[in-house]
Every structure is written in C-alpha cells, then in structure tokens.
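# Close look at the chain arrangement
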Amino acid sequence: MTFIYSKTPYFNEMKMRTRSLCPECLEVVDAEVYEAESEGRSKILIKKRCEKHGEFEDVYWSDAELYRKFAKWRYEGNGAGLTLTKTTEKGCPFDCGLCPEHKSSTMLAIIDLTNRCNQRCPTCFANAAAAGYLYEPTVPQLREMMELLRSETPPCPAVQFAGGEPTIREGFVEIVRLAREVGFAHVQVATNGIALAKSEQFCRRLREAGLHTVYLQFDGVTEEPYRVLRGIPALKTKLRAIENCRRGGLNSVVLVPTLVRGVNDGQVGDLVRFAAKNLDAVKGVNVQPVAFEGRVEAGERKERRITIPDFINLLEEQTGGEIPRESFYPVPFVVPVSRFVEAWKGVPQLELSVHPHCGAATYVFVEDGRFKPITEFLDVEGFMEFLKERADEMSSSGSRVSKSGVDKSRVGKSRVGKSRVGKIKAVAGLVSALRKFVDKAKMPEGVDPLGLLAGVLKIGSREALAEFHRKALFIGAMHFQDAYNFDLERVKRCGIHYATPDRRIIPFCSYNAIHRPAVEKAFSVPLNFK
C-alpha cells in the first residue's frame, strides 16, 4: 500500500495505453490517453478506434499540468471490500458485481428508489417517462441491498438515495429511517428540491428520521441555466428548498450544479459566494461536469464538454485568485488520514483509493468576506506525509490490522505492549507536531482547524468531522464518465457504487453507461400497469 508518484511510467510518459468503450456499440476497445496542444493549451486527450464505427477523440483532462499534479497521488489500495462476482467472463466493465478486478471499496453507495420524477430535464439519464416502465425496488429489496453494502469490509459508511426523484417515493421518510437502522453513519438524498420547497414539515420529518445531507440540484444563481438544463425556471424553488431545510433542521445542504460549457460556467464564482453567504445551512458545492449519454455529435461535445481543470481554473478567475488552483487535490490525497486512524484504533478504515482524476476538492474558510483556502495556512502535503510516517511507525511497532478487522498485534502480550507504546508515542505528540504545518498569522480568526483536525485524527468520529464542516465550506468536483471519455482504469478504482436488487454492487460510470437499462427492466413493470 504505497503512493505511486509521477515517476511511474503509467503517468510519466504522457502517453498511456488503456481500454475504453466504443460510444456506438459499447464494445471494449483499445485507447490511448496522451498529451497534446489544443486551443492554445496543453491538454490530456483520449483517442480510440472501433473496427465497426471508426475513430473517436475527446478531452480527458483540459490541463496537462494539473493532470500531472493529481497523478502524484495515485494510490493502490487493498481492493474491493466485497467481491460478489468470483470470476470474470467478459471482463471489465461487464462483469460488475463487484468483480475481482475492482480495486476500491464503496465510499458512497447509491440506491435508486424510483425512476419517476416530478421534472423532465433534458440532461437526465434516468426517468420513467422516457423509459416507458416503472422501476421501484420493494422495501424488502431495499433492506437487502443496504445490508449487502454494510457487509463490506470495512462496511460502506454512506448511502445516497437517488432516482428519478427519490422524495416522491411512497414511504421515503421510513426508507431513510431504515437506512439508519441498518447502520449507515451518513444518509443522503439527491434531489431537485421540489418536495422540500413545498413543506418545511417534510424537511423536519426527514431530519428526525436520520437524514444528514441534502444533495440539491442547483445549477446557478439566475434562472437561465435552469431554463436550459431543466426546461423550467427553478431558482425560486431551490431557494425555498434551502430555507425549508434551514427551518426544518436539515443544516447540511450541498449544492450540486451540472456544469456545462456556455450554460453556467460563468457562474462558478457566484455559486461558491452564494454557498458562503448561507454557510449555516449550505456546507458545500459539489460540481458535476456534464456527462453525455447516448449518441452525441463531435461538434456538440466540443462545444459543451467541460472537465475538472476547467472548473478549477474558472473558480480561480472568478474569485480573483482567492481560491487558487493550487488549493485543490484529488480524492486519494487524504488516504494517510485513514491509515493513521486505522493504525491508532486497530479497526479497518475506508481508504479513498479512487482514481486521482475522478475528482478534486478543497476546503475554504470565509473571513471578512474573503475566501481563505485551508492550503493558505496549512501545509497540507507536509501534513499528509507526516500522517503517513506516523501510521507506518505505529504499524511497524506491532499494530497490523487484517481485512477481517483483527488487530494481529494483540496476539501475545509482548506484541500488545509494543503496539501500545508505539501508538501512544505517535499520538502523544500529534497536536504539537501539527503546529509546524500551520501558519498562525494566516489562520482565520475564530477558527481552530488545528484542534478540529486533531480531534478527527485522534477520535476518528463523525462528530469530530462534523465540527470541522461547521466551520469550513467544502468545494469539490466529480466528473462521471460517459462512453466518449470512458477509461477502464478509472472504473476499476471507482468508489461510488450502485446497489441493485439482484445483489450486485456496480461502479457508477459503468452502471449508467452499460448496466442501468438491463437492471431496471429486470425489476420493473410497464407504466400503464401502475
């Protein structure tokens, strides 16, 4: 379990062989990811050829420099937490279940409650009206899917209910309560907000049932993006939904814009400013660059395609440099946190070992109306290296956690004593050691990230992390793949998985590109029968 830096040939040559999909027939084809000049900038492109349908090329990452930075943090984890497909027949991405080729456990599970929706978005890849059938897993099926996810090692910690529009599913409040009973520490809903905007009481009932976070579809701060992406002026509905969440005690709303070039890419800075002004209720902005489902002409893709580096660079420009590109890191950057907590507690922790080019994130604080990223006063790279070293010290002192969750150091009294000494030594100096990574003169007034981070590391609890989130605004981006930019190396490391009624766990991108129609048809009824 080591970090793989850019010296690895996989990234260093800027010309990588991989496997992808033909967008026409969805057959697996050879592909090349390479660096090239495009529109005056060095970008990373993906090119592939299907014998039947010809050659396809698309943008993989729009900034080669950021690509190399993120590649440094590629991480080879322990593999999936639960392998359900014991053998591979067709190979990735057709044997999903998870299969033996998968390299990451489930960090977030998605369960579609229905494919019905109270909107008709042109950008949607899941709706009953277009499909002609109704997909709604039964409550016993939902319980079985949740229990399957919780049987992973370590157990999947978070579930997000999606659809369609999950809030219109009959008994949705009870389904949220069921998720808490099954043991999920974090329960989310991905919603357009219409039901929340209609009823403060509904928001209150969801909070009481155990809902933690509302992932709210929020495409901009003016009506125009909604008219284009949703077909209706929806901003007022979004604002009412946020207000009802605030009044109903649902004070963890994450704004989720579908980012499309030429539609709302000029509002990136304003979206983050809006979130900062509503920090009591809005805890984050998680951008999703548009993924193209179905056949899309090259001209339209070129006009609308936008990638994670585009978002990062736009945010720097539109905040006057207050949130610079240097403040963003890939998801696996935080793996040392998991390794440290695991070594200290002797219990397997979830490692966010997803592909480094799947997502990006940072935290920012707000002081006197100005954004202050955590990287402005904390040496995050030095801090992570420090945690990695301390985790290695504790592990080498005798604390070795197996996949079954057994701390092998506890077999034998001498090993136990050695392990405890190593742990106490590593943690005792944690707070004082952290000080060398913090620039006190630049720390936001009234904020003690030092204490909060120490609490997260020593306790490893959701409460400590929640306290950190109360003070900071999360800004992230997750670019889900479509058949045009599909990379099997990313799929194999995916940490966001769908659970399905046939007891499978399927990576997000392969589910939406390949598996969704077959799964839904197998567990659906014709619309006119309902």
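Coordinates for the structure precede this section.
Residues numbered from 1 in each chain as written. Predicted model: local features only at pLDDT ≥ 70, side-chain atom pairs only at ≥ 80, totals over all residues. Heavy atoms only, no water.

A few words now on the layout of surface pockets. Considering only enclosed or pocket space, the second largest pocket measures out at about 480 Å³ in volume. Lining the second largest pocket are 20 residues, and of these S38, E39, K43, V59 and K302 sit closest to its centre. Those elements giving two or more residues to the lining of the second largest pocket turn out to be strand 4 (41-50), strand 5 (54-61), helix 11 (298-304) and helix 12 (308-318). At four residues, helix 12 tops the list of elements feeding residues into the lining of the second largest pocket. Of the residues assigned to the lining of the second largest pocket, the class counts are five nonpolar, four polar and 11 charged. (1 Å grid on protein atoms, 1.4 Å probe; cavity = no way out; pocket = protein on both sides within 12 Å on 5 of 7 lines; lining within 4 Å. Points joined across faces, edges and corners; volume = space filled by probe spheres on them. Helix = DSSP H or I, 4+ residues; strand = E, 2+ residues; numbered from the N terminus. Nonpolar A, V, L, I, M, F, W, Y, C, P; charged D, E, K, R; others polar.)

This next bit is on the packing of aromatic side chains. Using the criterion set out here, one finds 18 aromatic pairs in the structure. When the centroid spacing of 3.8 Å and the interplanar angle of 20 degrees are considered together, the rings of F480 and F508 count as stacked. Taken together, the residues span a long stretch of sequence, with F480 in the loop between strand 18 (473-478) and helix 19 (488-492) and F508 in helix 20 (residues 508-522) at a distance of 28 residues. Here the two residues F480 and F508 agree in accessibility, since each one is buried. Taken together, Y60, W61, Y67 and F70 form an aromatic cluster joined through their ring pairs. The ring of Y329 carries K69 above its face, with NZ or CZ at 4.0 Å from the centroid. Over the face of the ring belonging to F184 we find R150, whose NZ or CZ atom lies 5.8 Å from the ring centre. (Phe/Tyr/Trp six-rings, centres within 6.5 Å; stacked < 30°, edge-to-face > 60°. Buried < 20%, exposed > 50% of the residue type's maximum accessible area, 1.4 Å probe, protein only. Lys NZ or Arg CZ within 6 Å of the ring centre and 35° of its normal.)

A word on the nonpolar core. Within the largest apolar cluster, 82 residues are counted, with the highest numbers of intra-cluster contacts made by I111, M146, F161, L255 and F311. By residue number, the principal contributor to this core is helix 5 (residues 172-182), which donates seven residues. (Core = buried A, V, L, I, M, F, W, Y, C linked by side-chain atoms within 4.5 Å.)

In this section: the packing of helix 5 against helix 7 (residues 200-209). Think of two packed helices as two axes; the pair is described by the angle between the axes and how far apart they sit. Contact geometry of helix 5 with helix 7 gives a least axis separation of 8 Å together with a crossing angle of 20 degrees. The angle between helix 5 and helix 7 places the two elements in the roughly parallel class. Helix 5 and helix 7 meet at a crossing whose hand is right-handed. Facing F172, V173, E174, V176, R177 and R180 of helix 5, the residues of helix 7 in contact are F202, R205, L206 and A209. Grouping the constituent residues of the contact of helix 5 with helix 7 by class yields six nonpolar, no polar and four charged. (Axes fitted to C-alpha atoms, helices over the stretch in contact; angles between N-to-C directions. Parallel < 35°, antiparallel > 145°, perpendicular 65-115°, else oblique. Left-handed = near helix turned anticlockwise from the far one by under 90°. Contact = heavy atoms within 4.5 Å.)

Turning our eyes to something else, we now look at helix 10 (residues 268-277). Most of helix 10 is tucked away, with seven of its 10 residues classed as buried. Buried residues of helix 10: V268, G269, L271, V272, F274, A275 and A276, and no others.

Here we come to the sheet that holds strand 2 (residues 15-21). With antiparallel pairing, the four strands of this open sheet are ordered in space as 2-3-4-5. Each of the sheet's edge strands pairs with one partner strand only, and the pair in question is strand 2 and strand 5. Ignoring strand direction, the axes of neighbouring strands in this sheet form an average angle of 35 degrees. (Pairing = 2+ DSSP bridges.)

Turning next to the environment of I232. Following the sequence through the fold, I232 ends up in the loop between helix 8 (224-229) and helix 9 (235-248). By relative accessible area, which is 36% here, I232 ends up partly exposed. Distance in space between the C-alpha atoms of I232 and C121 is 8.6 Å, their sequence separation being 111 residues. Beyond its immediate sequence surroundings of up to four residues, I232 is in contact with Q119, Y226 and R227.

Take the pattern of salt bridges next. For the structure on display, the rule yields 34 salt bridges. A salt bridge links E35 to R68, with the shortest nitrogen-to-oxygen separation between them at 2.9 Å. Of this pair, E35 sits in strand 3 (residues 28-38) while R68 is found in helix 2 (residues 64-71), placing the two residues 33 residues apart along the sequence. Residue classification places E35 among the partly exposed residues on the basis of a relative accessible area of 28%. Residue R516 is joined to D112 by a salt bridge in which the shortest nitrogen-to-oxygen separation is 2.9 Å. Of the two residues, R516 sits in helix 20 while D112 sits in strand 7 (residues 108-112), which places them 404 residues apart along the sequence. D112 carries the same exposure label as R516, and that label is buried. Each of the salt bridges in this network shares a partner with another, and the network as a whole consists of D58, R301, R305 and D482. (Salt bridge = Lys/Arg side-chain N within 4 Å of Asp/Glu carboxyl O.)

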